[in-house]
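Structural features, examined
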Amino acid sequence: MAPRDKVVEFPPPRAAVAPAPSFRLLLRPLPFFVLLFACLTALHASLLRLPYFWDEAGYYVPAARDLLRGEWIPQFSNAHPPLVMAWLAAWWKVLSFTPLVTRTAMLVIAAFTLVGVYRLAKVAIGGRETTQREVALASVVCTALFPVFFAQSSLAQVDLAAAGFTLWALSFYLEDRLAIAVSLFAFAAVTKETAILAPLALLAWEIVQRAFGGPGMNAVRLFPIRPLQRTLALLLPLVPLAAWYAYHYHRTGYVFGNPEYVRYNIAGTLHPARIAAAALTRLWHLLGYMNMFVLTIAAAMAMRLPPQREVSRGNGRGAVERARIPLRIQMVFYAVIAAYVVALSVIGGAALARYLLPVYPLVIVLCVATLRRRLPWWKAFVGVVSLAFVIALVVNPPYRFAPEDNLDYATYVRLHQAAEKVLETNYGGRTVLTAWPASDELAEPFLGYVQRPARVLAVDDFTAGQMLLARQEAGRYDVVFAFSTKYEPRLLLQLPFWERLQERYFGYHRDLPPEAIAQLLGGRLVYVKRDGGQWVAIIAIEHAEEARLSR
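Residues numbered from 1 in each chain as written. Predicted model: local features only at pLDDT ≥ 70, side-chain atom pairs only at ≥ 80, totals over all residues. Heavy atoms only, no water.

Relative to each other, helix α6 (residues 129–145) and helix α18 (residues 360–374) sit at 130°, their axes nearing to 9 Å. It follows that α6 is oblique to α18 by the angle criterion. The handedness of the crossing between α6 and α18 comes out as right-handed. Residue-level contacts link Thr131, Glu134, Val135, Ala138, Ser139, Cys142 and Thr143 of α6 to Pro361, Ile364, Val365, Val368, Ala369 and Arg372 of α18. Its residues placed into classes, the contact of α6 with α18 shows 8 nonpolar, 3 polar and 2 charged. (Axes fitted to C-alpha atoms, helices over the stretch in contact; angles between N-to-C directions. Helix = DSSP H or I, 4+ residues; strand = E, 2+ residues; numbered from the N terminus. Parallel < 35°, antiparallel > 145°, perpendicular 65-115°, else oblique. Left-handed = near helix turned anticlockwise from the far one by under 90°. Contact = heavy atoms within 4.5 Å. Nonpolar A, V, L, I, M, F, W, Y, C, P; charged D, E, K, R; others polar.)

What follows is about the state of the cysteines. Evaluated as defined, the whole model comprises 0 disulfides. Sulfur of Cys367: no disulfide; nearest cysteine sulfur belongs to Cys142 and is 9.4 Å away. Overall, the relative accessible area of 9% leaves Cys367 in the buried class. (Disulfide = S-S within 2.5 Å. Buried < 20%, exposed > 50% of the residue type's maximum accessible area, 1.4 Å probe, protein only.)

Core analysis: the biggest nonpolar cluster contains 102 residues, and Phe333, Val336, Tyr360 and Leu362 have the highest contact counts within it. It is helix α5 (residues 99–125) that contributes the most residues to this core, 12 residues altogether. If we ignore the near neighbours within four places in the chain, the residues touching Leu362 are Leu120, Leu167, Leu170, Phe333, Val336 and Ile337. (Core = buried A, V, L, I, M, F, W, Y, C linked by side-chain atoms within 4.5 Å.)

Of note, the amide linkage connecting Trp436 to Pro437 takes the cis form, showing an omega dihedral of 10°. One can find Pro437 in the loop between β3 (431–435) and α21 (438–443).

Turning to the sheet that holds β3, a few remarks are in order. Read across the open sheet, the 5 strands follow the order β4-β3-β5-β7-β6; overall the sheet is mixed. The sheet is open, and its two edges are formed by β4 (455–459) and β6 (523–531), each paired on a single side. Geometrically, the sheet is characterised by an average inter-axis angle of 20° between neighbouring strands, direction not taken into account. With 2 bridges joining them, β3 and strand β5 (residues 479–483) adopt parallel strand pairing. The partner of Val432 across the bridge, within β5, is Val479. Docked against the sheet, helix α20 (residues 408–426) engages β3, β5, β6 and β7 (534–541), running at close to 20° with respect to β7. (Pairing = 2+ DSSP bridges.)

The following block contains the structure:
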């Protein structure tokens, strides 16, 4: 036990082994990375040529394309840092500007992230090499198959890359390799601005330790204390992020993006009821969403069981309890998880599950380590969890969710591909009334849906209110491309209070069915296709049909 007046360094002393050089630490997992990339590519083979989906089409791909053409600030800037867009532009420059190249580039990031999960799990669990490897491999499998991670693995968005850098940084932080950790946190911050939450959470946690980690706590090494200058080094990742915002302000006159973007993501999110609803949503996303409850409930129930014992060779003590993640490391995980849940309940207009990608693996590692420590048949249960994730990946749940959180996004893309091909073939040159993101899909051929740009008149959605406004503009469009903008499950528990919160603070709305849209706009339904709760429809407006026939 350490003397009561002695400051315990972080982490606790290890055996005197010379640390490996930094470059070796980064290159050592290269074969594992190649294996993971090959597996991911095989699993995503049918998805790699799909046109761009939703926010890919609406922001990230156009922004990367602007960068490819030499513009570091996109024409419509949300002030997101440019690292992922620069990564994509580099791939396009060397190879070609195609969805296949884009999605392959993103799978490289996904494999990098999974190696980070493996490394973090090994560092966290400690103990024997066999224990580390078992927990790490199980955590990688569960993370890779978790529907939100799997779906995002090939989508051109920034959250997965931010997760990768954050997980790698945390693994080095736990080894007290602070220079590498801070550098990787800086890369995470210039991947997505919210990644700065992780080092700031660690900074806050270390300040709490200095304030409350008295000598008695130091004696049990629950709250180890760093030298102050090393604690303050966790502020350094702010520097490149601040430099990016300064450059963005210099070029655009805005720090955090255009005023509408700031209003939606910050100014419009600060109502107490909205924050409470967002916090509940974040906790659901983290602990129950997409069958995550199978893992978290199992881990919670396993905590009621005594630790399993196993023979530890070479220590002369016979059977010992299976290793667990030390409490000091658990507290680091909890600090980062709490920072994300709290911060993303206050800011961010859309409560999307992908924003939590940096902390999903932390929950998975904690739960897998608990299962291994307390269940004799833990490997079988990891198999059950993996199966539950695969089911959630391919079968839509009985609650509302974003299509980008499982393979429903591929259904959306294929439905739009088919309908927009019909539009281009039969209504080329006509003005199309539709909503975003189809308005971009039809107007921008580089997104992969059409060969030639169409004239588009955009509405917000396909609610009754918007369609009544569209009816007043009947002479301005010839055909309507309507589609489901929200997934509506067939079996859904209705909670009126929650529905009102979603409508008021999170933009929830109910689209009219295609038959009602056609009747309201005085059109003829010429094409309808439904699949898995989604639909697309083409409605020919009667005045345009009559004008065509009269010619």
